[in-house]
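Observations on the model geometry
Here is how the chains run, residue by residue.
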Amino acid sequence: GVQTCALPILKVEIPKPRINNVIVKFNGKQALENFELVEIKKAVKGLIGKDFSIDLTKAAKKVQKIGQYSWVHLYNNSGNIFVTIEKREPFVAINADIMRLVTKDGVVYGKASSKQQKVFPKIYGIFSEKKSKFAFNSDLSIKVNSNESKNIKEAVELYRLGRIKGLDISTINYQPYRGFL
């Protein structure tokens, strides 16, 4: 004959990993706006898989696109996703394919709003008028060549020194072979 053996079926519950919270912090002088906090949390939570896994690199890239931050760092600690962000601080505007923003370090990024275009001094002439397409770095800043970078940094420094001297500079013009006017 055939022998059979019946064993009781054991049901073992293995707890699923959970993402408890998304905690957003910022470094630098500029605080995050409420809408940015909401968008950042939504972007990160939207990438949490059914198995509660998350690709932190993909999440960081998605967050980077929300606010043109200088850097974004994400890490998972016991089910809490920590997002640390540093906002870029605009210092001047520059005429490129559109009016863009520039940091004190000469990093060109984003799009200057109409309000920012009225507030910040504007730099003209750095980019060739023929240049209408710009490539982006991984942090979504604009790729510039070494000559453009040097000229942008000089224009930023001119504005900074002018402010120290009490000059009200609203426009900085650059002409190839002639320099700043």
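Residues numbered from 1 in each chain as written. Predicted model: local features only at pLDDT ≥ 70, side-chain atom pairs only at ≥ 80, totals over all residues. Heavy atoms only, no water.

**With respect to the overall build of the chain**
A tally of helices and strands in the chain yields 4 helices and 9 strands. In sequence order, the secondary structure elements of the chain are arranged as β-α-α-β-β-β-β-β-α-β-α-β-β. Classification of the 181 residues of the chain by burial places 34% in the buried group. Partitioning the contacts of the chain with sequence separation of at least 6, the portion at a separation of at least 24 is 52%. Total accessible area on the chain stands at roughly 12,300 Å², and carbon and sulfur atoms take up 52% of it. (Helix = DSSP H or I, 4+ residues; strand = E, 2+ residues; numbered from the N terminus. Buried < 20%, exposed > 50% of the residue type's maximum accessible area, 1.4 Å probe, protein only. Contact = heavy atoms within 4.5 Å. Areas by Shrake-Rupley, 256 points an atom, 1.4 Å probe, with all protein chains shown as cover.)

**Brief notes about helix α2 (residues 56-67)**
Given a rise of 1.5 Å per residue, 12 residues ought to cover 16 Å, and the 17 Å separating the end C-alpha atoms of α2 matches this to within 8%. Buried within α2 are the following residues: Ala 59, Ala 60, Val 63 and Gln 64. Take α2 and look down its axis: the buried residues cluster within an arc of 140°, on one side only. Those residues of α2 that are exposed and aimed more than 90 degrees away from the buried face are Lys 58, Lys 61 and Lys 65. (Expected span 1.5 Å × (residues − 1). Arc of directions from axis to C-beta.)

**Quick notes on the confidence of the model for the chain**
Summarising the model, the chain shows a mean pLDDT of 86, and 90% of its residues fall at 70 or more. Ranking the elements of the chain by mean pLDDT puts strand β1 (residues 21-27) last, at 86, and strand β7 (residues 122-124) first, at 97. (pLDDT = per-residue confidence, 0-100.)

**Here's the deal with the sheet that holds strand β3 (residues 80-87)**
Taken in spatial order, the 3 strands of this open sheet run β1-β3-β2, and their pairing is mixed. Taken across any chain shown, the strands that pair with only one partner, and hence form the sheet edges, are β1 and β2 (69-77). Recorded for the sheet is a direction-independent mean angle of 20° between the axes of neighbouring strands. Here β2 runs beside β3; their pairing, made up of 8 bridges, is antiparallel. Paired with Leu 74 across the bridge in β3 is Val 83. (Pairing = 2+ DSSP bridges. Axes fitted to C-alpha atoms, helices over the stretch in contact; angles between N-to-C directions.)

**Quick look at the packing of aromatic side chains**
All chains considered together, the criterion is met by 4 aromatic pairs. Considering the side-chain rings of Phe 127 and Phe 134, the 5.0 Å spacing of their centres and the 85° angle between planes classify their relative orientation as edge-to-face. No difference in accessibility class separates Phe 127 from Phe 134, as the two residues are buried. In this structure, Arg 88 packs its charged tip against the face of Tyr 109, placed 5.2 Å from the ring centre. (Phe/Tyr/Trp six-rings, centres within 6.5 Å; stacked < 30°, edge-to-face > 60°. Lys NZ or Arg CZ within 6 Å of the ring centre and 35° of its normal.)

**Comments concerning the side chain of Arg 88**
Structurally, Arg 88 is set in the loop between β3 and β4 (92-95). At 3.4 Å, the side chain of Arg 88 forms a polar contact with the backbone oxygen of Tyr 69. Reaching out from Arg 88, the side chain makes a polar contact with the side chain of Asp 139 at a distance of 2.8 Å. Apart from residues lying up to four places away in sequence, Arg 88 is in contact with Gln 30, Gln 64, Gln 68, Tyr 69, Ser 70, Thr 103, Val 107, Tyr 109, Asp 139 and Ser 141. (Polar contact = N/O pair within 3.5 Å; in protein donor to acceptor, adjacent residues only side chain to side chain.)

**Some thoughts on unusual backbone geometry**
In this structure, Ser 78 takes a positive phi of about 55° despite not being glycine. Along the chain, the position of Ser 78 falls in the loop between β2 and β3. Residue class for Ser 78 comes out exposed when judged on its relative accessible area of 65%. Within the chain, Leu 140 stands out as a residue other than glycine whose phi angle is a positive 70°. Examined against the element boundaries, Leu 140 turns out to sit in the loop between β7 and α4 (146-164).

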